[in-house]
Amino acid sequence: MLNPQQLHDQLSTLAKQEGINQWDLGAASGTDLSVQVDRGEPKQLKGAQRSAVTVRAWTSDGRVGITSSTDLSIEGLAQALKGAKEASVFGDLEEPPGLSCRSLEPLIPLERPRLALKPIQNLLKTLLDAERQLLDLHPAINTVPYNGLSERNGESVYINSLGSQRHHLSSSSACYLYARAEQDGRKPRSAGAVRLAYGSEQLDVQACIKEAAELTISHLDYSAIDTGYYNCVFSPEAFLDLIGAFSNIFNARSVLDGLSLSNRDSLGSTLAVPFLNLWDDPLHKSNLGASAFDGEGTPTAPLTLIEAGNLAHFLHSEGTARQFGVAPTGHAGMGAKVSVGPDWFVVAPTPGIAAGDAQLNRHKADGVVWIDSLSALHAGVKASQGSFSLPFDGWLIKNGERISIEAATVAGDIRKVLKTILALEGEPLVTPGGMCPYVWVEGLSITGET
Amino acid sequence: MSFLDSQWQGRLELLLAAGRAAGADLVEIFLERFDRLSVLAEQERVTSVNPSLGCGAGIRVFHGAADGYRDGFVSTTNLSDEGLMQALDQALGMLNLQRGISNGHSFAGLNPLSNYGSSKQNWLTQCPGVKTSADRLLEGTAKLEQHGKHLQARRGSYSRDWQEMLVAASDGTFSRDLRLHQTLGLSVLAADGEHRSSVARRFGSSDNPRDLIDWDADAAARDISASSATMLYADYIEAGSYPVVLANRFGGVIFHEACGHLLETTQVERGTTPFADKMGELIAHESVTAIDEGLSPQSFGSLAVDDEGFEPQRTTLIENGILKAFLSDRAGELRTGHARTGSGRRQGHSYAAASRMRNTFIAAGPHSPADLISSIDRGLYCKVMGGGSVGPTGQFNFSVEEGYLIENGVLGKPVKGATLIGDAETVMPRISMCGNDLDLAAGFCGSVSGSIYVTVGQPHIKVDSITVGGR
């Protein structure tokens, strides 16, 4: 168990010995357990004990150095601090990070359960049962090649020379099942599902099995799609993946680096249709990875990013906030150059405005492409250009019936996508990465395999 | 601390003997120490220097020949006797084995140490320090400014990964190596009104302390600047099915994604490769011979010994279109019968090794690159490839960073936004021409055992038809 007070005392003493007046530290440790199975047999059982520490030290003229280590002992801390001091010689004087002015503010209490790890044999039994049930659901499902059940207990600490002492305890569990189905003379098809919870006993494994089976079966009778432009309806997961890939729009670090689609003057500009609201909600009750503070010790809190279609705020670290003349928002990592990023997006209709064409219903549509999941975002997204060309799994809806698409890509520009949203269908749904309704977008380029 | 310290042999033998006595068929212990440095330069400033130090162990236990050799794997950053024994106990427990309950399995001791690192002791100190690294990166970003136009952002990054590894197993395996990987990246974002282009190049080497010192910053900056200027005003490609020519070097990502992963025994074990029972059969066009090896000096995917203590080999995967071999690690050999090829690789101690590619390439053919282009009336020339991936059904995809239309046998206007998709069984027979200009490029590969250093490569190749996603 990490002890913030002890770490603070140790580092204070070491810093004094090194003549360092300003410093901070982030540390994490944890235990992981995971299992995989293969056709009724255990495939791999894994365990891990992890520890990591990052120390930053500032010179008297404001330059910062950093060193990371896996060693949380007093010797490891001393080595990390010494390394940080040496690295500080090369620190950036023009735009150095500082300690967050909000690192001493009270935190919003996170009332999340922290569940003890179960014996790995329990995880194995659950996953073997799940695999068997999934294989029994349809004769064409012959394997579940990608599967896993994991549990994790972790803790993280942030302390600094101002006296900040943050400590976060967490537990999580995940189950994923990706089935592979094959019928004579046809190409194999695959689909899957994921469920998250605070512990393995809270996982809705049955829902994961059901969703994996239904999705896989739905892709058995597939057809090629003609290349062309189609109205598309994105599943909540797919739309959140797309937004996440272009989150540089909201990222003050990217703005300052010239790598964002936004610039310093973009706040207030129209980004999307007027009925779209988007905010980052790190403390949302459904965000299982929530932390009450960021990598600089700043409290996390909801932040509106798009309000009625207009860019409302940027995500900030201490350093970017200082340059913009605002307060840090709790979205920082920890580094010599501090990264900035979102936590958990929520997409919802603007209150008081109709959420687009209320007649649009994916279950009654015709000639519409239903994009269920996007792939290869690391390769097919040009974040600083705004363009994307991505493989996807989904269906062509004909007279309300879903026909699985053999293989296809969807291409477009995120700026145009946000401005050609036709409707937000239904209530926002909870996904592992955020909340979002189904999102209709006009006329995207779809390329089918021929 | 060094794993050359003589006490390590005794400590490891105690663990291995304890694991065997508890009934394990095989126990393997992987130890690593690492010393990493990353430096980032933007425009005219060094904006980040990140040193990172660490160590850890991964203990893997195999048990049950009749059940297909189940395995338990536990990693830890605690290298004390207590920490390692705790990890062993946990790994044994996963297989319902318990230390102290003797099952009569004996352990004959470790073989004499095979020390592949003895001539590499000074590599870390021979690498450039922070000052030199920063100066070279700043030289790169200055060259970009000199050669580029409309540049909104210029970046240079360097990372050095030094690793001492020691692997010991209850079959006597006892090997140590020192490894050095360095990567260098340059990138630009160009903007002119609504037009934007982002171009990046990454260079990588293994076992060459002078890599950054000898780097030709001017040539790299000229290449990137030229690409950036070309792509800034490029149109999006029209979607459809085209014959394509893929350039050499990183064009080899097509074989890596489309076929290479499907020839790893990891995929045979999962039942996710269509080639599992096709040994000796024609699975690609007769013009295709494909090789994976870990031997080329200083190549990014080369290694003196794999992460399971097995020396790498030159493995001919496909010869004139016929499947000849799979890439196999220890688990792959135990479970599928394919002999080990020195391909057991992992990102670090927290991953169990798996069969992974090293330097993978399509062999050179008889044609000039111009022959390939001139054979196409209307198609796409993929000069620079981006990343890609392959799914559980063998469906692959990868992006084209710099493309040109081919019209009437000659290169035409630049195009962007192309994504190539297909599946290996369909595409491999369509590689109908191979050029005579084989060349390799460094890259990273992420899979079951983490992110590892690899080389991809090929000569120019022609694919008769492939689906090109675009607008």
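Residues numbered from 1 in each chain as written. Chains lettered and ligands numbered in written order. Predicted model: local features only at pLDDT ≥ 70, side-chain atom pairs only at ≥ 80, totals over all residues. Heavy atoms only, no water.

Chemist: For the interface of chain B and chain A, give the residues involved together with the corresponding values.
Modeler: As a measure of interface size, the accessible area lost when the parts come together is often cited. Each partner contributes residues to the interface: chain B has 72 residues there, and chain A has 66 residues. Regarding the contact of chain B and chain A, the summed buried area is about 5600 Å², with carbon and sulfur atoms giving 47% of it. Inspection of the region where chain B meets chain A yields 9 salt bridges. The salt bridge involving Glu401 of chain B is made with Lys382 of chain A; its shortest N-O contact spans 3.1 Å. If you look at where chain B meets chain A, you find 36 residue pairs in polar contact (both at pLDDT 80 or more). Element by element, the count of residues in the side of chain B that touches chain A is highest for strand 2 (residues 45–63) of chain B, at 12 residues. (Contact = heavy atoms within 4.5 Å. Buried area = accessible area lost by both parts, 1.4 Å probe. Salt bridge = Lys/Arg side-chain N within 4 Å of Asp/Glu carboxyl O. Polar contact = N/O pair within 3.5 Å; in protein donor to acceptor, adjacent residues only side chain to side chain. Helix = DSSP H or I, 4+ residues; strand = E, 2+ residues; numbered from the N terminus.)

Chemist: Please give an account of the packing of aromatic side chains that cites residues and values.
Modeler: All names here are of chain A. Per the counting criterion, the structure on display carries 12 aromatic pairs over all chains. Seen from their ring centres, Phe314 and Phe324 are 5.6 Å apart, and the 70° between their planes marks the pair as edge-to-face. Linking Phe314 in the loop between strand 11 (310–311) and helix 7 (318–324) with Phe324 in helix 7, this pair joins segments that are 10 residues apart in sequence. For Phe324, a relative accessible area of 18% puts it in the buried group. Joined through ring pairs, the aromatic side chains of Trp370, Trp395 and Tyr438 make up one cluster. (Phe/Tyr/Trp six-rings, centres within 6.5 Å; stacked < 30°, edge-to-face > 60°. Buried < 20%, exposed > 50% of the residue type's maximum accessible area, 1.4 Å probe, protein only.)

Chemist: Could you give an account of the pattern of salt bridges, naming the residues involved and the relevant values?
Modeler: Counted by the stated rule, this structure contains 63 salt bridges over all chains. For Glu42 of chain B, the salt bridge is made with Lys337 of chain A, and the minimal N-O distance between the two is 2.5 Å. With Glu42 of chain B in strand 1 (residues 26–42) and Lys337 of chain A in the loop between helix 7 and strand 12 (345–349), this pair bridges two chains. The class for Glu42 of chain B is buried, based on a relative accessible area of 5%. Note that Asp171 of chain B and Arg330 of chain B form a salt bridge whose closest N and O atoms lie 3.0 Å from each other. With Asp171 of chain B in the loop between strand 5 (151–169) and strand 6 (174–192) and Arg330 of chain B in helix 9 (residues 330–336), this pair connects stretches of sequence that are 159 residues apart. Owing to a relative accessible area of 41%, Asp171 of chain B belongs among the partly exposed residues under this scheme. Among the residues examined, Arg330 of chain B registers a relative accessible area of 5% and is labelled buried. Salt bridges sharing partners connect three or more residues here, namely Asp92, Glu94, Glu95, Arg253, Asp257 and Lys337 of chain A together with Glu42, Arg45 and Arg155 of chain B.

Chemist: Give me the nonpolar core: which residues, what numbers.
Modeler: Ranked by size, the top nonpolar core spans 57 residues in total, and within it Leu134 and Leu177 of chain A together with Leu12, Leu31 and Val61 of chain B carry the most contacts. In this structure, Ile225, Ile249, Leu315 and Phe324 of chain A belong to the second largest nonpolar core, which totals 52 residues. (Core = buried A, V, L, I, M, F, W, Y, C linked by side-chain atoms within 4.5 Å.)

Chemist: So what's going on with the environment of Glu308 of chain B? Residues and values would help.
Modeler: All names here are of chain B. Checked against the element boundaries, Glu308 lands in the loop between strand 10 (290–293) and strand 11 (314–319). Through-space distance from the C-alpha of Glu308 to that of His261 is 19 Å; in sequence the pair is 47 residues apart. With sequence-adjacent residues up to four places away left out, Glu308 is seen in contact with Glu28, Arg60, Val167, Thr173, Asp329, Arg330, Arg340, Gly344 and Ala353. A polar contact of 2.8 Å, which involves the side chain of Glu308, links it to the backbone nitrogen of Arg330.

Chemist: So, the domain arrangement of chain B: which residues are in play, and what are the values?
Modeler: All names here are of chain B. Examined at the domain level, chain B breaks down into domain 1 (7–34 + 53–119), domain 2 (121–166 + 177–233) and domain 3 (240–469). Summarising the inter-unit geometry, the C-alpha centres of domain 1 and domain 2 are found 40 Å apart. Tallying the contact residues gives 13 residues for domain 1 and 10 residues for domain 2. Interface area for domain 1 against domain 2, summed over the two sides, is near 960 Å², with a carbon-plus-sulfur share of 49%. At the junction of domain 1 and domain 2, the tally comes to 1 salt bridge. A salt bridge links Glu164 to Arg33, with the nearest nitrogen and oxygen atoms 2.8 Å apart. Our count for the domain 1 to domain 2 interface comes out at 3 residue pairs in polar contact (both at pLDDT 80 or more). Tallying contributions element by element places strand 1 first for the side of domain 1 that touches domain 2, with 6 residues. Residue composition of the side of domain 1 that touches domain 2, by class: 8 nonpolar, 3 polar and 2 charged. (Domains from an automatic or database assignment. Nonpolar A, V, L, I, M, F, W, Y, C, P; charged D, E, K, R; others polar.)

Chemist: Describe the packing of helix 1 (residues 7–21) of chain B against helix 2 (residues 81–94) of chain B, listing the residues and the values that go with them.
Modeler: All names here are of chain B. Interaxial distance between helix 1 and helix 2 falls to 10 Å at its minimum, and their mutual angle equals 25°. Comparing the axis directions of helix 1 and helix 2 gives the class roughly parallel. Of the two elements, helix 1 crosses helix 2, and the hand of that crossing is right-handed. Residues Trp8, Arg11, Leu15, Ala18 and Gly19 of helix 1 pack against Asp81, Leu84, Met85, Leu88 and Leu92 of helix 2. Here the contact of helix 1 with helix 2 is composed, by residue class, of 7 nonpolar, 1 polar and 2 charged. (Axes fitted to C-alpha atoms, helices over the stretch in contact; angles between N-to-C directions. Parallel < 35°, antiparallel > 145°, perpendicular 65-115°, else oblique. Left-handed = near helix turned anticlockwise from the far one by under 90°.)

Chemist: So what's going on with the pairing of strand 1 of chain B? Residues and values would help.
Modeler: Residue and element names in this part refer to chain B. Of all 17 residues making up strand 1, 13 are buried, and the element is well covered by its neighbours. Of the strand pairs in this sheet, strand 1 and strand 2 are connected by 17 bridges, and their pairing is antiparallel. If you follow Val27 over to strand 2, its bridge partner there is Val61. Where strand 1 folds back onto strand 2 in an antiparallel hairpin, the turn is made up of 2 residues, including Gln43, whose phi is positive at roughly 55°. Bridge count for strand 1 against strand 5 is 15 bridges, and the pairing is antiparallel. In the sheet register, Arg36 faces strand 5, and the bridge partner there is Asp161. (Pairing = 2+ DSSP bridges.)

Chemist: Residues and numbers for the domain arrangement of chain A, please.
Modeler: All names here are of chain A. The assigned domain composition of chain A is domain 1 (4–216) and domain 2 (221–240 + 356–448). Centre-to-centre separation of domain 1 and domain 2, based on C-alpha positions: 31 Å. Domain 1 puts 7 residues into the contact, and the matching count from domain 2 is 9 residues. Interface of domain 1 and domain 2: buried area, both sides summed, is about 740 Å²; carbon and sulfur atoms make up 40% of it. Among the residues of domain 1 in contact with domain 2, Arg186, Arg189 and Leu215 are the three that bury the most area, contributing 60% of the side total. At the surface where domain 1 touches domain 2, the tally comes to 1 salt bridge. With a closest N to O distance of 2.9 Å, Glu406 and Lys187 form a salt bridge. Counting across the domain 1 and domain 2 interface gives 6 residue pairs in polar contact (both at pLDDT 80 or more).

Chemist: Quick rundown of empty space enclosed by the protein? Include the residues and the values.
Modeler: Counted under the stated rule, the structure contains 3 cavities of 30 Å³ or more. By volume, the largest cavity amounts to about 50 Å³. Along its surface, the largest cavity is lined by Val64, Gly65, Ala87, Phe90, Gly91, Asp92 and Ala336 of chain A together with Val46, Thr47, Ser48 and Val49 of chain B. When contributions to the lining of the largest cavity are tallied by element, the ones reaching two or more residues are strand 3 (64–69) of chain A together with strand 2 of chain B. Top contributing element to the lining of the largest cavity by residue count: strand 2 of chain B, with 4 residues. The residue inventory of the lining of the largest cavity, partitioned by class, reads 6 nonpolar, 4 polar and 1 charged. (1 Å grid on protein atoms, 1.4 Å probe; cavity = no way out; pocket = protein on both sides within 12 Å on 5 of 7 lines; lining within 4 Å. Points joined across faces, edges and corners; volume = space filled by probe spheres on them.)

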